[in-house]
Amino acid sequence: MGIRNVRPPSRSPARPSRTPDREPTLITSVQRALRLLEAVGSQQRGATAKQLARTAGLPLGTTYHLLRTLTHEGYLRRLEGKFYFGESVDGISRADDRQAGRADLARRMAQLGEELDAPVYFAVYQDGEVRVVDVASGPGRPPVPEWADFRATAHAHAIGLCLLAQLGEEGRRDHLARHPPEGLTRSTFTDRAVLLRRLASAEPTRPVLEQQEYLLGTVCAAVPITVGSVVATMAVSLPLAQAARLPDVAERLWSRVGAMAPAFVL
């Protein structure tokens, strides 16, 4: 009697068991604090602890603990037994306004770049250093590559020269002492005394022009911006083949910067 091969009965592949979605971990005390802040916001003339407890639906004891913490951290302030928003909440609001301002500035820079047919830069002098905040570029108008750190080469590009020119002599000397001028191209000024004279003679409201001092084949212009204590500049760059356009582009940039001033406050 022969042995027959018997195929085992087919089984459908096992399906992976579904893991139920996990509920997010919520911090009850944070939820309560937020509800309490919402309650404060709903009372334009301030509110007592009892009123806030009732509005937020919280036990009075819990409300007192949260109010003490929020007041200590500056999110609330107490005046004549009533609670109001504190400076920390105002700071959150100002940060939101700054974020909106930055978005508006980026939009305007993009429009300006298209109008001038050049990449547009916005930079500030902050904490003793040059900081490029934003660059608006596009097809056919690429930005200057940062082949040498912009912070350490302020003496060689229009952005840095414009920012340093807005400082007092002590600030300029301090910067050049921390970032000694180095030759990047044959056009770079490296003599510190010559640089200081050049910066001191720059007109405070006029564009600063630079040709191939940072990078061969590139020319740049930067316009000084003064809004309160902010030391800032808006700049453009062009390929050397378009150097003849630079003075006109710089003047057009200078004429348009004034209307954008509110967005420069960071």
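Residues numbered from 1 in each chain as written. Predicted model: local features only at pLDDT ≥ 70, side-chain atom pairs only at ≥ 80, totals over all residues. Heavy atoms only, no water.

### So, the pairing of strand β7 (residues 230–239)
One face of the sheet, then the other: side chains in a regular strand alternate in exactly this way.
Part 1 of the reasoning: With eight of its 10 residues buried, β7 lies for the most part within the structure.
Part 2 of the reasoning: For strand β3 (residues 120–126) and β7, the ladder comprises five bridges, and the chain directions are antiparallel. Bridge pairing links alanine 123 to threonine 233 in β7.
Part 3 of the reasoning: Two strands pair when backbone bridges link them, and strand β6 (residues 218–227) and β7 are joined in this way by 10 bridges, in the antiparallel orientation. Paired with isoleucine 225 across the strands is alanine 232, a residue of β7.
Part 4 of the reasoning: Linking two consecutive strands that pair antiparallel, namely β6 and β7, is a turn of two residues; a positive phi of about 65° is found at glycine 228 within it. (Buried < 20%, exposed > 50% of the residue type's maximum accessible area, 1.4 Å probe, protein only. Helix = DSSP H or I, 4+ residues; strand = E, 2+ residues; numbered from the N terminus. Pairing = 2+ DSSP bridges.)

### A closer look at the environment of glutamate 169
Part 1 of the reasoning: One can find glutamate 169 in helix α6 (residues 169–178).
Part 2 of the reasoning: Each C-alpha atom, one on glutamate 169 and one on arginine 197, is 9.8 Å from the other, the two residues being 28 residues apart in sequence.

### Focus on a nonpolar patch on the surface
Part 1 of the reasoning: Together, Ile27, Val30 and Leu34 line one region of the surface with nonpolar side chains, adding up to about 270 Å² of accessible area.
Part 2 of the reasoning: The residue valine 30 is located in helix α1 (residues 28–41) in this model.
Part 3 of the reasoning: On the basis of relative accessible area, valine 30 is assigned to the partly exposed category, the value being 45%. (Patch = residues over 30% accessible without salt bridge, like charges linked within 9 Å, V, L, I, M, F, W, Y side chains within 5 Å. Areas by Shrake-Rupley, 256 points an atom, 1.4 Å probe, with all protein chains shown as cover. Salt bridge = Lys/Arg side-chain N within 4 Å of Asp/Glu carboxyl O.)

### A closer look at the sheet that holds β6
The pairing of strands in a sheet happens through backbone hydrogen bonds and is either parallel or antiparallel.
Part 1 of the reasoning: Taken in spatial order, the five strands of this open sheet run β4-β3-β7-β6-β5, and their pairing is antiparallel. Strands at the two margins of the open sheet, each flanked by one partner only, are β4 (129–136) and β5 (208–211). Taken pair by pair, the neighbouring strands of this sheet meet at an average axis angle of 25°, ignoring direction.
Part 2 of the reasoning: Where β3 meets β4, seven bridges bridge the pair, whose relative direction is antiparallel. Within β4, the residue paired with tyrosine 125 across the bridge is valine 130.
Part 3 of the reasoning: The sheet strands contacting helix α8 (residues 246–257) are β5, β6 and β7, and the helix crosses β6 at an angle near 20°. (Axes fitted to C-alpha atoms, helices over the stretch in contact; angles between N-to-C directions. Contact = heavy atoms within 4.5 Å.)

### A word on the pairing of strand β1 (residues 76–79)
Part 1 of the reasoning: Relative to strand β2 (residues 82–85), β1 runs antiparallel, the two being bridged by four bridges. The partner of arginine 77 across the bridge, within β2, is tyrosine 84.

### A look at the side chain of histidine 157
Part 1 of the reasoning: One can find histidine 157 in the loop between β4 and α5 (158–165).
Part 2 of the reasoning: From its side chain, histidine 157 meets the backbone nitrogen of glycine 160 in a polar contact 2.8 Å long.
Part 3 of the reasoning: Ignoring sequence-local partners within four residues, the contact set of histidine 157 consists of Phe150, Glu210 and Tyr214. (Polar contact = N/O pair within 3.5 Å; in protein donor to acceptor, adjacent residues only side chain to side chain.)

### Here's the deal with the confidence of the model for the chain
Part 1 of the reasoning: The predicted model of the chain has a mean per-residue pLDDT of 84, with 82% of residues at 70 or higher.
Part 2 of the reasoning: The lowest-confidence element of the chain is helix α4 (residues 87–116), averaging 74 in pLDDT; the highest-confidence one is α5, averaging 97.
Part 3 of the reasoning: Taken as a whole, residues 1–14 scores under 50 in pLDDT and shows zero contacts with residues more than four places along the chain or in a different chain. (pLDDT = per-residue confidence, 0-100.)

### Considering the nonpolar core
Part 1 of the reasoning: Formed by 28 residues in total, the largest nonpolar core has its most connected members in Tyr125, Val130, Ile159, Leu163, Leu164 and Tyr214.
Part 2 of the reasoning: Taken together, the elements giving at least two residues each to this core come down to β3, α5, α7 (192–201), β6 and β7.
Part 3 of the reasoning: Top element by residues in this core is α5. It accounts for seven residues.
Part 4 of the reasoning: When residues no more than four places from it in sequence are discounted, the contact partners of leucine 164 are Tyr125, Ala154, Arg172, His175 and Leu199.
Part 5 of the reasoning: With 24 residues, the next largest nonpolar core counts Val133, Ala136, Ala221 and Ala243 among its residues. (Core = buried A, V, L, I, M, F, W, Y, C linked by side-chain atoms within 4.5 Å.)

### Let's talk about the packing of aromatic side chains
Part 1 of the reasoning: Applying the stated criterion across every chain, the model contains two aromatic pairs.
Part 2 of the reasoning: Summarising the aromatic geometry, the rings of tryptophan 147 and tyrosine 214 are spaced 6.1 Å apart at their centres and angled 50° between planes, so their arrangement reads as tilted. In this pair, tryptophan 147 sits in the loop between β4 and α5 while tyrosine 214 sits in the loop between β5 and β6, placing the two residues 67 residues apart along the sequence.
Part 3 of the reasoning: A ring pair is formed by phenylalanine 150 and tyrosine 214, whose centres lie 5.3 Å apart and whose planes are at 45°; its orientation type is tilted. Taken as a pair, phenylalanine 150 in the loop between β4 and α5 and tyrosine 214 in the loop between β5 and β6 lie far apart in primary sequence, 64 residues in all.
Part 4 of the reasoning: Here phenylalanine 150 falls in the buried class, since its relative accessible area comes to 12%.
Part 5 of the reasoning: Members of the aromatic cluster, connected to one another through ring pairs, are Trp147, Phe150 and Tyr214. (Phe/Tyr/Trp six-rings, centres within 6.5 Å; stacked < 30°, edge-to-face > 60°.)

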